[in-house]
Amino acid sequence: MDKKLYNLLLKSFDTDLSEKERQQLEDALKSPELQREKERLEQMRSALSGQSAPSFGPFFSERVVNRVRDLSRNGTLAQDFFDSLIYMFRRFALVGGLAACLLFSANLITRDASSTPQTSAADQSIEESVYTNYSISLEEVL
Amino acid sequence: MDATREGDYDAFRIFVKRHESRIASTVYGMLGQCPEADDVGQEVFIRFYKALDTFRGESAPLTYLTRIAINLSLNELKRRKRKHLLFPKSTDDVKHVSVESDEPDKNEMQRIVNKGLEKLEAKFRSVIVLRLIDGYSTKETAEILDLPEGTVLSRLARAQKKLKEILEPYYGDHHG
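Residues numbered from 1 in each chain as written. Chains lettered and ligands numbered in written order. Predicted model: local features only at pLDDT ≥ 70, side-chain atom pairs only at ≥ 80, totals over all residues. Heavy atoms only, no water.

*Asks:* How would you summarise the overall build of chain A if you had to cite specific residues and measurements?
*Replies:* A count of helices and strands for chain A gives seven helices and zero strands. The helix and strand sequence of chain A, counted from the amino end, reads α-α-α-α-α-α-α. Residues counted as buried form 15% of the 142 residues belonging to chain A. (Helix = DSSP H or I, 4+ residues; strand = E, 2+ residues; numbered from the N terminus. Buried < 20%, exposed > 50% of the residue type's maximum accessible area, 1.4 Å probe, protein only.)

*Asks:* How would you explain the overall build of chain B if you had to name every residue and give the values?
*Replies:* Across its full length, chain B carries eight helices and zero strands. Order of helices (α) and strands (β) in chain B, N terminus to C terminus: α-α-α-α-α-α-α-α. Expressed as a percentage of the 176 residues in chain B, the buried residues total 45%. In chain B, 69% of the contacts between residues at least 6 apart in sequence involve partners at least 24 apart. Of the roughly 9,700 Å² of accessible surface on chain B, 48% is carried by carbon and sulfur atoms. (Contact = heavy atoms within 4.5 Å. Areas by Shrake-Rupley, 256 points an atom, 1.4 Å probe, with all protein chains shown as cover.)

*Asks:* So what's going on with a positive patch on the surface? Residues and values would help.
*Replies:* A contiguous patch of positive charge, built from Arg90(A), Arg91(A), Lys78(B) and Arg82(B), is present on the exposed surface. Among the elements of the structure, helix H5 (77–114) of chain A together with helix H4 (61–86) of chain B are those that each provide at least two residues to the positive patch. (Patch = residues over 30% accessible without salt bridge, like charges linked within 9 Å, V, L, I, M, F, W, Y side chains within 5 Å. Salt bridge = Lys/Arg side-chain N within 4 Å of Asp/Glu carboxyl O. Lys, Arg positive; Asp, Glu negative; His and termini not counted. Charge placed at Lys NZ, Arg CZ, Asp CG, Glu CD.)

*Asks:* So what about the confidence of the model for chain B? Which residues, and what values?
*Replies:* Residue and element names in this part refer to chain B. The predicted model of chain B averages 82 in pLDDT, with 81% of residues at 70 or higher. Contacts of residues 90–103 to residues separated by more than four positions or lying in other chains number 16 contacts, the stretch itself having pLDDT below 50. Across the whole predicted complex the pTM is 0.71, and at the interface the ipTM reaches 0.77. (pLDDT = per-residue confidence, 0-100.)

*Asks:* Please set out the nonpolar core residue by residue, giving values where relevant.
*Replies:* In this structure, Phe12(B), Ile23(B), Phe45(B) and Ile128(B) are the most contacted members of the largest nonpolar core, which totals 65 residues. With nine residues, helix H2 (residues 9–31) of chain B is the largest single contributor of residues to this core. (Core = buried A, V, L, I, M, F, W, Y, C linked by side-chain atoms within 4.5 Å.)

*Asks:* Pulling in residues and values, what's your account of the environment of Glu76(B)?
*Replies:* All names here are of chain B. Structurally, Glu76 can be placed in helix H4. Considering only alpha carbons, one finds Glu76 and Leu163, 87 residues apart in sequence, at a separation of 22 Å. In this view, Glu76 contacts Leu31, Glu36 and Val40; residues no more than four positions away in its chain are not counted.

*Asks:* Account for the packing of H2(B) against helix H3 (residues 36–50) of chain B, with residues named and values stated.
*Replies:* To characterise two packed helices, one gives the angle between the axes of the helices and the distance between these axes. All names here are of chain B. Interaxial distance between H2 and H3 falls to 9 Å at its minimum, and their mutual angle equals 135°. As far as their axial angle goes, H3 and H2 are oblique. Relative to H3, H2 is oriented so that their crossing is right-handed. Here Tyr9, Phe12, Phe15, Val16, His19, Glu20, Ile23, Val27, Tyr28 and Leu31 of H2 come into contact with H3, specifically with Ala37, Val40, Val44, Phe45, Phe48 and Tyr49. Grouping the amino acids of the contact of H2 with H3 by side-chain chemistry returns 14 nonpolar, one polar and one charged. (Axes fitted to C-alpha atoms, helices over the stretch in contact; angles between N-to-C directions. Parallel < 35°, antiparallel > 145°, perpendicular 65-115°, else oblique. Left-handed = near helix turned anticlockwise from the far one by under 90°. Nonpolar A, V, L, I, M, F, W, Y, C, P; charged D, E, K, R; others polar.)

The following block contains the structure:
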C-alpha cells in the first residue's frame, strides 16, 4: 500500500486537510485496501475513545483534602526544600561519584606503577651509573 | 479557585470531584490499571494545590491539571522501567489472548487495544491518551505537552502505526 496515502489517511483523522489532499484521499479510498485500513483505524480509535469514565478509589476527594489539611497544618517548607535539593543534586551526585571512582582507580594504578624496580635506577647518581658500568681493574688491563 | 486559595477545603473538595474523572482517564490511560494510579492521582491535585498561589490562569485549570498528570505519569513510568531493569519479570503478552473468535466484542477490543497501548513508548502513549482517550483536540494536546502541533501529529501517526502492528493478529482476514 502506498505509504504516502496511508499517512494522508492518518493525518485526516487529526487535522484538516487541504482541498488537494482531501480530493487525493477521496480518490484513494476507492481502493478496497485503503478503505479496509480506514475501517481498522476507526475501529481502533473507537475502542480507545469509547471507554467508560474511570474514577480513582473510593472517597478520593476526601483523601486528597485530608492530605492537603495535613500539609497546611504541618507546613511544607522544609519538605519542599529537601525535595528541591534532592532533585537538583541527584544528577550532580551521580556524576561526582563516578568521577571520584575514576580518580581513585587512576590513583591506584599510578601508585602501583611508581613502586616497580625499573624506577630504582633513577635513584642512582650519574657518577655511580658511569663508574659502575665502565669500571676496569688494573689486573684486567695488564 | 478563589475560595480554595482562601483555605476553603470544601471548595477544593468540589474542585477535585469535578475533575477527578478526567484526570483518572489520563492517569489510567498512561499507567494502566494499577495501584500506583491512585497515588499519582492524589499527587496531581496536591501539586496543583501547592501551586495555587502562582497559578495565574494563563491556561484553564483542567489543562494545567492534565499537564501535571502527564508529567507525574511519565515519572512513574520511568521509575517502573528502572525497577523492571533491576527486577525483570514476564509481562502479559497480547499474543496470549485468544484470536479464535470471529469478531472480538467491543469490551474485548478495548482490552486488547489497552494492552497494546501499554507496549507503546511513553512519548507515543501520551499523545494517544490525550487525543484519543481524553478527547482533546490536536491543538489542546500540543498545548498540554508543550509541543508543536506538527510533532503531535507525527507522534499520533507513528503511535497508531505501532498499535496497528500490535493488533494485526486480531484483524486476520476479516473484511469490512
